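Take a look at the letters that make up each chain.
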Amino acid sequence: MTTSVPLSGSYDYRLVILSVFIAVLASYAALDLSGRLAAARGRARLIWLCGGAIAMGVGIWAMHYIGMEAFYLPVPVLYEWPTVVLSLFAAILASAIALFTVSRPTMGRSRLMVGGIFMGSGIAAMHYIGMEAMRLPAMCTYSPWLVGLSVVLSIGISFVALHLTFALREHRTTASVRRIVCGLVVGLAISVMHYVGMAAVSFMPMPFMNASLTHTIDVSRFSVVSIAMVALFVLGIVFPTSIIDRRFSRQAERLATSQLQLQTIFDNMTEGIIVLDREGKTVLVNKAAQRLLLLPDDPDYAKVIEQFEGFSLDGEPLPPSQWPTVRALRGEFVQNFEMLYRRKSNGETGAREISTAPVTNTNGESGQVIVTYRDVTERRHMDEARNRLAAIVESSEDAIIGKSDTGVVTSWNKSAERLFGYSAAEIVGGSIKQLLPPGREHEEDDILQRIHQGETLEHFETVRAKKNGDLVHVSLTISPIRDTRGRITGVSNIARNITETKQMERQLQQSQKMEAIGQLTGGIAHDFNNLLAVMVGNLDLLERLVTGNEAALKRVHTAQKAAGRGADLTGRLLAFCSSVELKPSPNELHHSVQNMIELARALGPNVKITSHFEHSIPLVRVDAAGLENALLNLAVNARDAMPKGGTLTITTQRCTLDASYPPVQTGELTAGDYACVSISDTGTGMSKEILAHVFEPFFTTKPRGKGTGLGLAMVYGFAKQSGGTVRIYSEPGLGTTVSLYLPLAEGQPVPPSASPALSTARLTGKALVVDDELDLLEIATTYLDQMGYATLRADNGPNALEIAEQNRDIDLIVTDIIMPGGMNGVEFAEKVRQYLPHVKLIYCSGFPANALTEPGLPQVDCPLLQKPYLRAEFGAMVAAVMEGR
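Model, not experiment: these values are computed from the prediction. (Residues numbered from 1 in each chain as written. Predicted model: local features only at pLDDT ≥ 70, side-chain atom pairs only at ≥ 80, totals over all residues. Heavy atoms only, no water.)

## What about the overall build of the protein chain?
So, step 1. Counting its secondary structure elements, the protein chain contains 25 helices and 31 strands.
So, step 2. A total of 885 residues make up the protein chain; the buried ones form 46% of that total.
So, step 3. A total of about 44,700 Å² of accessible surface is found on the protein chain, and carbon and sulfur atoms cover 58% of it. (Helix = DSSP H or I, 4+ residues; strand = E, 2+ residues; numbered from the N terminus. Buried < 20%, exposed > 50% of the residue type's maximum accessible area, 1.4 Å probe, protein only. Areas by Shrake-Rupley, 256 points an atom, 1.4 Å probe, with all protein chains shown as cover.)

Here it is, written out as structure tokens:
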């Protein structure tokens, strides 16, 4: 009997939970398998697709049947197993479609839509095919809208599942919280779709089974458990298999990446690399080695060696048995061995740096040899060019200094050491401003500013300070140093010592100035002489016309005296400018000097006259009257410089002037023998500023009305006209020495065949030069340097004493006597002897030895070298002192 009331069923929630768990597990497996499938290639891809589809399909199918068995009906339920198998196939097919879709390289809208429809339709088909496999005494009726909803849910879930799976694959996410959450969402969604489908069916009871029972089976509780266990087993295989595959894939990927990187590095190295076995056969060779050695793709290294000739760095032939590669094959290994080569085929030459090393296996055994080649031809050329440039820089007479664009010294050649006194170790890394004297610090800032603007400074003349504080005149050429991009990275500074040139320029300028003044004075004197001649003539005529007129005669005589004084004045002017006609003849110098001394005795009782003559002096060629007049002028000036009395010292000597003497260098004199007469006083002396003008006409330091300023000018003119010159030396408060150099009567001075050589009595030792005249300090130091001495210098007594205390190995001291600083040369020598008793001493002074014996002047007890001294005189004095003569 049939009833119209549907069968009422119930759910076993334990099986419901089991079905949901299997759905979640299957979803998570699908997410994991998608990544493995996308990473696989070739046959492995097909295996992962098939295996993944089976695992996922079995999971979804098992969830479906466990979910169906969770629904209990009060009637017996059988299943037609062919239809059950068909539903399993539908699940596997849907899973295959899903995995294939997400494994593609890209996921477009159309692909997502097609894949979602096929996957959702497959899952829905699996569900309803499974429902058709049921055999029970009831009729199944379906709710159309619930069936439609289940299909829509199935397709929607498929869309979401495919999108999430592809997204997770793109993020390369491993078993993380994100993947678990996604698997949970998709699994729950599939379960919801299943149970919506179950809700869509109603079972109307019937008195008989709804179909044939030929291929039916009864699903017991044991069968449900078996299905669950099989599904869990299949899914359980998926996870460890995926994990193991992922780990091996990562290792293989890292290995492949590492091999690719090594191969890329190997092929792109600039050094040539060859790996040889013990028989010399090539195992590996990179592109650089093929390029350097012109190797074929499969080279025979023994034949390669035959193509070259090897040489050592000094050009000696190097037999193949001594080549690094051959030595390495014998068991020897070398590092950075440089050799020259020549290719026999075309004569190409170059340089290679070769290193060899053994290649060992895991047991530490060496079975191969790795050989690296580096082309160092260009580097050797650069090194040779750099060495040549360095040699040029070091041998240059100019100081060549490198510095940064901020003024920090970076290089310092030997000439810079000699010029400034600093060693390279002392100044490299420090500021160039160490060389700037006080008051010139702004120069470096101005120079660097111009350098930064790209300017080059040429022949910039300035003053720099040495290590000992002495100033030196230099000519600078400063230019920017640029890198390959044209950026200024440093500064080149070339300094040339022009101190001696400046000194000669000053002397030449003084000579030219005196010559110009002489020409001007001569012109004025000649014109004035003509006027005086007219005056004197007219006064003579007027004297005759006013005879008997005493008043008129008195005025005429006064005018005649004034004219006489004017004539005397013009005579002096003409004598200065060498316009007075002298009558030089051979004369005995001492006779003229003695005549002057007799006249000088009338200078006053407070003036003491002493003399020292060198009687070997031959006759001099001068105008005797002019000489006596000049000497008398000098004696009168000396008397005026000693208002309270003093000593007048007259000395004569014969001297040889060589090419190093300043008047000879400026062309004022020619080298040769001369007679020198010097007149010294112990008067007030003169400063350097006054000495620069003493020979100028009308220049005088006497009060107004006490002198004409023509005395020394006349002496200068007489000496020049006589073929000689005048030199003057003075110390404020100590006196003055004026020396006349006069030509000998044996003929015009003839340059000697060779300049007297400096003594080489001692070529080693240390000497200290002390003088407040920087030019003379430089000259004396140069003489001693050329004789082989290591020289020190100081410009006053206290500084010299400090240097001597710091250098107890000084052998010789050459010191000026009259110096500033509160300590003269004799006092300095006395203090030095207290701790250097065996040091040799030479005094220098512009005063003759006789003049230095007077009260008020230091008393010398060592050899005296009179300024200005000559090169030969200086060398002879040093040799005599050092040899103990």
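## A few points about the sheet that holds strand β30 (residues 840-845)
So, step 1. With parallel pairing, 5 strands are arranged side by side in an open sheet as β28-β27-β29-β30-β31. On the outer flanks of this sheet lie β28 (790-794) and β31 (864-866), each paired with one strand and no other. Between one strand and the next, the sheet's axes are offset by a mean angle of 20°, whatever the strand orientation.
So, step 2. As paired elements, strand β27 (residues 766-770) and β28 share 5 bridges and run parallel to each other. Paired with Val-769 across the two strands is Arg-793, which belongs to β28.
So, step 3. On the sheet, helix α23 (residues 797-806) packs against β27 and β28 and is oriented at approximately 145° with respect to β28.
So, step 4. Contacts from helix α25 (residues 871-883) reach β29 (812-816), β30 and β31, with the element oriented near 150° to β30. (Pairing = 2+ DSSP bridges. Axes fitted to C-alpha atoms, helices over the stretch in contact; angles between N-to-C directions. Contact = heavy atoms within 4.5 Å.)

## Topic: the packing of aromatic side chains
So, step 1. A complete count under the given rule lists 2 aromatic pairs for this structure.
So, step 2. Summarising the aromatic geometry, the rings of Trp-412 and Phe-420 are spaced 5.8 Å apart at their centres and angled 40° between planes, so their arrangement reads as tilted. Like Phe-420, Trp-412 is buried.
So, step 3. Aromatic side chains Tyr-783 and Phe-874 sit 5.4 Å apart centroid to centroid with 55° between the ring planes, which places their arrangement in the tilted category. Of this pair, Tyr-783 sits in helix α22 (residues 774-787) while Phe-874 sits in helix α25, placing them 91 residues apart in sequence. (Phe/Tyr/Trp six-rings, centres within 6.5 Å; stacked < 30°, edge-to-face > 60°.)

## Side note on a nonpolar patch on the surface
So, step 1. Together, Leu-86, Phe-89 and Leu-93 make up a nonpolar patch on the protein surface, roughly 300 Å² of accessible area in all.
So, step 2. Inspection of the secondary structure assignment puts Phe-89 in helix α3 (residues 81-102). (Patch = residues over 30% accessible without salt bridge, like charges linked within 9 Å, V, L, I, M, F, W, Y side chains within 5 Å. Salt bridge = Lys/Arg side-chain N within 4 Å of Asp/Glu carboxyl O.)

## Focus on the packing of α23 against helix α24 (residues 825-832)
So, step 1. Where α23 meets α24, the axes come as close as 10 Å, and the angle between the chain directions of the two elements is 20°. Our classification of the angle between α23 and α24 gives roughly parallel. Crossing geometry of α23 relative to α24 is assigned as right-handed. Residues Gly-797, Ala-800, Leu-801 and Ala-804 of α23 lie in contact with α24, whose contacting residues are Phe-828, Lys-831 and Val-832.
So, step 2. Each residue belonging to the contact of α23 with α24 can be placed in one class, and the counts come to 5 nonpolar, 1 polar and 1 charged. (Parallel < 35°, antiparallel > 145°, perpendicular 65-115°, else oblique. Left-handed = near helix turned anticlockwise from the far one by under 90°. Nonpolar A, V, L, I, M, F, W, Y, C, P; charged D, E, K, R; others polar.)

## Focus on the confidence of the model for the protein chain
So, step 1. Averaged over all residues, the pLDDT of the protein chain is 75; the fraction at 70 or higher stands at 72%.
So, step 2. Here helix α15 (residues 499-545) stands out as the least confident element of the protein chain, with mean pLDDT 62; β27 is the most confident, with 91.
So, step 3. Across residues 576-580 the pLDDT falls below 50, and counting only partners more than four positions away or on other chains, this stretch makes 23 contacts in the model.
So, step 4. Here residues 748-762 is a poorly scored stretch, pLDDT under 50, and it has 28 contacts once near neighbours within four places are set aside; other chains count. (pLDDT = per-residue confidence, 0-100.)

## Thoughts on the pairing of strand β16 (residues 409-412)
So, step 1. Pairing of strand β15 (residues 399-404) with β16 involves 3 bridges; the strand directions are antiparallel. Note that in β16 the partner of Gly-402 across the bridge is Ser-411.
So, step 2. Hairpin connection of β15 to β16: 4 residues between the antiparallel strands, including Gly-407 at a positive phi of 95°.

## Details of the sheet that holds strand β24 (residues 672-681)
So, step 1. In spatial order, the strands read β21-β23-β24-β26-β25; together these 5 strands make up an open sheet with mixed pairing. Here the strands that pair on one side only, and so sit at the sheet edges, are β21 (607-612) and β25 (725-731). Strand after strand, the sheet turns through a mean of 20° between neighbouring axes, direction not considered.
So, step 2. One ladder, built from 6 bridges, connects β21 with strand β23 (residues 646-657); its direction is parallel. Across the sheet, residue Lys-608 finds its bridge partner in β23, namely Thr-647.

## Let's talk about the pattern of salt bridges
So, step 1. Under the definition given, this model contains 14 salt bridges.
So, step 2. Put simply, Glu-353 and Arg-374 hold a salt bridge, and the shortest N to O gap is 2.3 Å. Taken together, the residues Glu-353 in strand β13 (residues 349-360) and Arg-374 in strand β14 (residues 366-375) connect sequence positions 21 residues apart.
So, step 3. One salt-bridge network, held together by shared partners, links Arg-440, Glu-443 and Arg-464.

## Description of the environment of Leu-78
So, step 1. Position of Leu-78 among the secondary structure elements: in strand β3 (residues 78-80).
So, step 2. Residues Leu-78 and Met-134, 56 residues apart in the sequence, show an inter-C-alpha distance of 5.8 Å.

## Some thoughts on the nonpolar core
So, step 1. By size, the foremost hydrophobic cluster in this structure holds 40 residues, and its most contacted members are Leu-73, Tyr-79, Met-134, Leu-136 and Phe-203.
So, step 2. Sort the elements by how many residues they give to this core and helix α2 (residues 43-69) lands first, with 8 residues.
So, step 3. Look past the residues within four positions of Phe-203 in its chain and what remains in contact with it is Pro-6, Leu-7, Phe-71, Leu-73, Met-131, Met-134, Leu-136, Ala-138, Met-139 and Cys-140.
So, step 4. Counting 35 residues, the second largest nonpolar core, distinct from the first, contains Met-642, Ala-719, Val-738 and Leu-742. (Core = buried A, V, L, I, M, F, W, Y, C linked by side-chain atoms within 4.5 Å.)

## Here's the deal with the side chain of Thr-815
So, step 1. Among the secondary structure elements, Thr-815 is positioned in strand β29.
So, step 2. Among the residues examined, Thr-815 registers a relative accessible area of 0% and is labelled buried.
So, step 3. Dropping the residues within four chain positions of it, Thr-815 is found in contact with Val-770, Gly-825, Phe-828, Ile-842, Tyr-843 and Cys-844.

## Observations regarding α23
So, step 1. Within the sequence span of α23, burial applies to Gly-797, Ala-800, Leu-801, Ile-803 and Ala-804. Taken down its axis, α23 places every buried residue within 165° of arc, on the same side.
So, step 2. The secondary structure elements touched by the buried residues of α23 are β27, β28 and α24.
So, step 3. Where α23 begins, the capping side chain belongs to Asn-796, and its oxygen is found 2.9 Å from the backbone nitrogen of Asn-799. (Arc of directions from axis to C-beta. Polar contact = N/O pair within 3.5 Å; in protein donor to acceptor, adjacent residues only side chain to side chain.)

## Focus on unusual backbone geometry
So, step 1. The residue Asn-336 is not glycine, and still its phi comes out positive at about 55°.
So, step 2. With respect to the secondary-structure elements, Asn-336 resides in the loop between α10 (324-329) and β12 (337-343).
So, step 3. Even without glycine at this site, His-459 takes up a positive phi of about 55°.
So, step 4. Here His-459 shows up in strand β17 (residues 457-465).
So, step 5. Assessed through its relative accessible area of 60%, His-459 is described here as exposed.

## A few points about the state of the cysteines
So, step 1. As enumerated under the stated definition, the model contains 0 disulfides in all.
So, step 2. Considering cysteine sulfurs only, Cys-676 is the nearest to Cys-655, which forms no disulfide, with 5.2 Å between them.
So, step 3. Taking relative accessible area as the criterion, Cys-676 reaches 1% and is therefore assigned buried. (Disulfide = S-S within 2.5 Å.)

## Examining the environment of Thr-264
So, step 1. You can see Thr-264 is positioned in helix α7 (residues 221-268).
So, step 2. Take Thr-264: its relative accessible area is 41%, and that puts it in the partly exposed class.
So, step 3. For the pair Thr-264 and Asn-286, spaced 22 residues apart in the sequence, the C-alpha separation amounts to 9.9 Å.

## Observations concerning the pairing of strand β18 (residues 471-482)
So, step 1. Inspection of the sheet shows β17 paired to β18 by 7 bridges, in the antiparallel sense. The residue of β18 that forms the bridge with Val-463 is His-473.
So, step 2. In sequence, β17 turns back onto β18 through a hairpin of 5 residues, with Gly-469 there showing a positive phi of about 95°.
So, step 3. Pairing analysis gives 9 bridges linking β18 to strand β19 (residues 488-497), with the strands arranged antiparallel. Note on β19: the bridge partner recorded for Ser-479 is Ser-492.

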